[in-house]
Amino acid sequence: MAIKDILTVIDLAGKQRTAQAALELAQRTGAHATGLAVAFEPVVPGFIAAPMPPDYIEVARTQALKAANDAGAAFNEMARKAGVSAEVRTAEMITGGASDPVVSHCRLTDLVVIGQENPDEPEPMREMLIESILFEAGVPVMVVPYIGGGLPMKNVLVAWDGSPTASRAVHAALPLLQMAEKVTVMIVETGRRSAGEPGTDIATYLARHGLDVTIDVVPRPQTGVADAILNYVSDKGIDMIAMGGYGHSRMREFLFGGATRDILASMTVPVLMAH
């Protein structure tokens, strides 16, 4: 399916690298871009609510809406300069509350673009929003690293393990893979034997879509799959990764660790994920 509609969660601070990446992709695909600015309203614990000024909540809400409106205006100006058809929406949500007000905007789009958690300029609930959109929106998510870097899309990596989530990521990434000059399917050795050469099935599938791919089977390091992927990205000059997100439940990944969480913490290039 062609990418004709992109939604990006607008950063409230910083250099708007996520918006730049979303607009660059919209420019290349002819897609409409929607910037979603989130107004985070504070939570006032019950035990301190009584002595607070009665207008505190309204003042805080006004400030949150102003920050969202300012970010939306910046996005509109960037879209105008890029010549991209665009609009801005605002979602209000309680800090620490349910992510439904954001997720509901994400369900009818082809791709959600959101920035990685930035430790220097943290955004409220960023990690939770990434996971909620990935699990609950039903659409692929591209996470953009806070260090930026654009979307040259020359050298793209598919991290393949044959899982349903990896399969969904491949299907979602097809329009982007077709833009790339080089597509590599990386398979991390598991020690399990399989019939035929590893990666033959996905290579055949992608070839039917006009892609000439390279299959690279790499040894699994003792430190885990995420390190194998990140090292490969660094060594081979990869511009984007397509991979499945959270093969297990969020709780299991939180308790025991997992490639998705490690990639989201240490990524240096955009990562397209599907669940």
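Caption draft 1: Just the sheet that holds strand β9 (residues 240-244), in detail. As summarised here, the arrangement of the 10 strands in space is β3-β2-β1-β4-β5-β10-β9-β6-β7-β8, forming an open sheet in which the pairing is mixed. Edge positions in the sheet fall to β3 (86-94) and β8 (213-218), since each has one partner strand and no second. Along the sheet, successive strands turn relative to each other by an average axial angle of 25°, direction set aside. Pairing analysis gives 6 bridges linking strand β7 (residues 182-188) to β8, with the strands arranged parallel. Looking at β8, one finds that threonine 184 is bridged to threonine 214. Sheet contacts for helix α8 (residues 225-236): β6 (155-159), β7, β8 and β9; angle to β7, the most-contacted strand, approximately 150°.

Caption draft 2: Fine view of the side chain of threonine 165. Topologically, threonine 165 is positioned in helix α6 (residues 164-177). Residue threonine 165 is classed as buried on the basis of its relative accessible area of 9%. Excluding residues within four positions of it along the chain, threonine 165 makes contact with Gly244, Gly245, Tyr246, Gly247, Ala274 and His275.

Caption draft 3: Summary view of the pattern of salt bridges. As enumerated under the stated definition, the model contains 10 salt bridges in all. Put simply, glutamate 41 and arginine 61 hold a salt bridge, and the shortest N to O gap is 3.7 Å. Of this pair, glutamate 41 sits in strand β2 (residues 32-41) while arginine 61 is found in helix α3 (residues 56-82), placing the two residues 20 residues apart along the sequence. Judged by relative accessible area, glutamate 41 falls into the buried class, the value being 14%. As a salt-bridge pair, glutamate 58 and arginine 61 come within 3.7 Å of each other at their nearest N and O atoms. Highlighted residues: glutamate 58 and arginine 61, both in helix α3, separated by 3 residues, approximately one helical turn. Judged by its relative accessible area of 45%, glutamate 58 is partly exposed.

Caption draft 4: Here's a closer look at the packing of aromatic side chains. In total, this model carries 1 aromatic pair according to the counting rule given. Summarising the aromatic geometry, the rings of phenylalanine 135 and tyrosine 246 are spaced 5.3 Å apart at their centres and angled 50° between planes, so their arrangement reads as tilted. Of this pair, phenylalanine 135 sits in helix α5 (residues 126-136) while tyrosine 246 sits in the loop between β9 and α9 (250-256), placing them 111 residues apart in sequence. Residue tyrosine 246 is classed as buried on the basis of its relative accessible area, which comes to 1%.

Caption draft 5: View of the packing of α6 against helix α7 (residues 200-207). Axis separation between α6 and α7 bottoms out at 12 Å; the angle between their running directions is 50°. When the axes of α6 and α7 are compared, the pair comes out oblique. You can see that α6 and α7 cross each other, and the crossing is right-handed. Listed contacts from α7 to Val170, His171, Leu174 and Leu177 of α6 are Ile202, Tyr205 and Leu206. When grouped by side-chain class, the residues that make up the contact of α6 with α7 number 6 nonpolar, 1 polar and no charged.

Caption draft 6: The arrangement of unusual backbone geometry in detail. One non-glycine residue with positive phi stands out, namely glutamine 16, at about 55°. With respect to the helices, strands and loops of the structure, glutamine 16 is situated in the loop between β1 (5-9) and α1 (17-29). On the basis of relative accessibility, which here comes to 11%, the residue glutamine 16 falls in the buried class. With a phi close to 60°, methionine 125 is a non-glycine residue in the positive phi region. Look at methionine 125 and you get buried, because its relative accessible area is 14%.

Caption draft 7: Region of interest: the environment of tyrosine 205. Structurally, tyrosine 205 is set in helix α7. Apart from the residues within four sequence positions on either side, tyrosine 205 is in contact with Val170, His171 and Leu174.

Caption draft 8: Main features of α8. Its 12 residues place the ends of α8 16 Å apart at the C-alpha level, agreeing with the 16 Å of an ideal helix rising 1.5 Å per residue. For α8, the set of buried residues is Ala226, Ala228, Ile229, Leu230, Tyr232 and Val233. Against β6, β7, β8, β9 and α10 (259-266) lie the buried residues of α8.

Caption draft 9: Just the environment of valine 156, in detail. Of note, valine 156 is situated in strand β6. Apart from the residues within four sequence positions on either side, valine 156 is in contact with Leu177, Ala180, Lys182, Val183, Thr184, Ile238 and Met240.

Rules and cut-offs
- Counting restarts for each chain: residues are numbered from 1 in the order of the written sequence.
- It should be noted that, the model being predicted, local features are given only for residues of pLDDT at least 70 and side-chain atom pairs only at 80 or more, the latter also being counted only at that level, while totals for whole chains, interfaces and linings use all residues.
- Side-chain measures here rest on the full set of heavy atoms in the structure, leaving out hydrogens and waters.
- Any two strands are treated as partners once DSSP identifies two or more bridges connecting them.
- Numbering of helices and strands runs from the N terminus, with a helix taken as a DSSP run of H or I at least four residues long and a strand as a DSSP run of E at least two residues long.
- Convention adopted: a line fitted to C-alpha atoms gives each axis, helices being fitted over their contacting stretch, and angles between N-to-C directions are expressed from 0 to 180 degrees.
- Here, two residues are considered to be in contact whenever any of their heavy atoms come within 4.5 Å of each other.
- Only protein chains enter the area calculation, which uses a 1.4 Å probe; residues under 20% of their type maximum are buried, those over 50% are exposed, and those in between are partly exposed.
- Each salt bridge in this description consists of a side-chain nitrogen of Lys or Arg and a carboxyl oxygen of Asp or Glu lying within 4 Å of one another.
- To pair, rings of Phe, Tyr and Trp, with the six-membered ring standing in for Trp, must have centres within 6.5 Å; the planes then decide the type, stacked if under 30 degrees apart, edge-to-face if over 60, and tilted in the middle.
- Our angle categories are set so that under 35 degrees counts as roughly parallel, over 145 as roughly antiparallel, 65 to 115 as roughly perpendicular, and the remainder as oblique.
- Take the far helix as your reference; a near helix turned counterclockwise from it by less than a right angle gives a left-handed crossing, and one turned clockwise gives a right-handed crossing.
- Three classes are used, and their members are as follows: Ala, Val, Leu, Ile, Met, Phe, Trp, Tyr, Cys and Pro are nonpolar, Asp, Glu, Lys and Arg are charged, and the others, Gly among them, are polar.
- Helix span is expected to be 1.5 Å times the residue number reduced by one.

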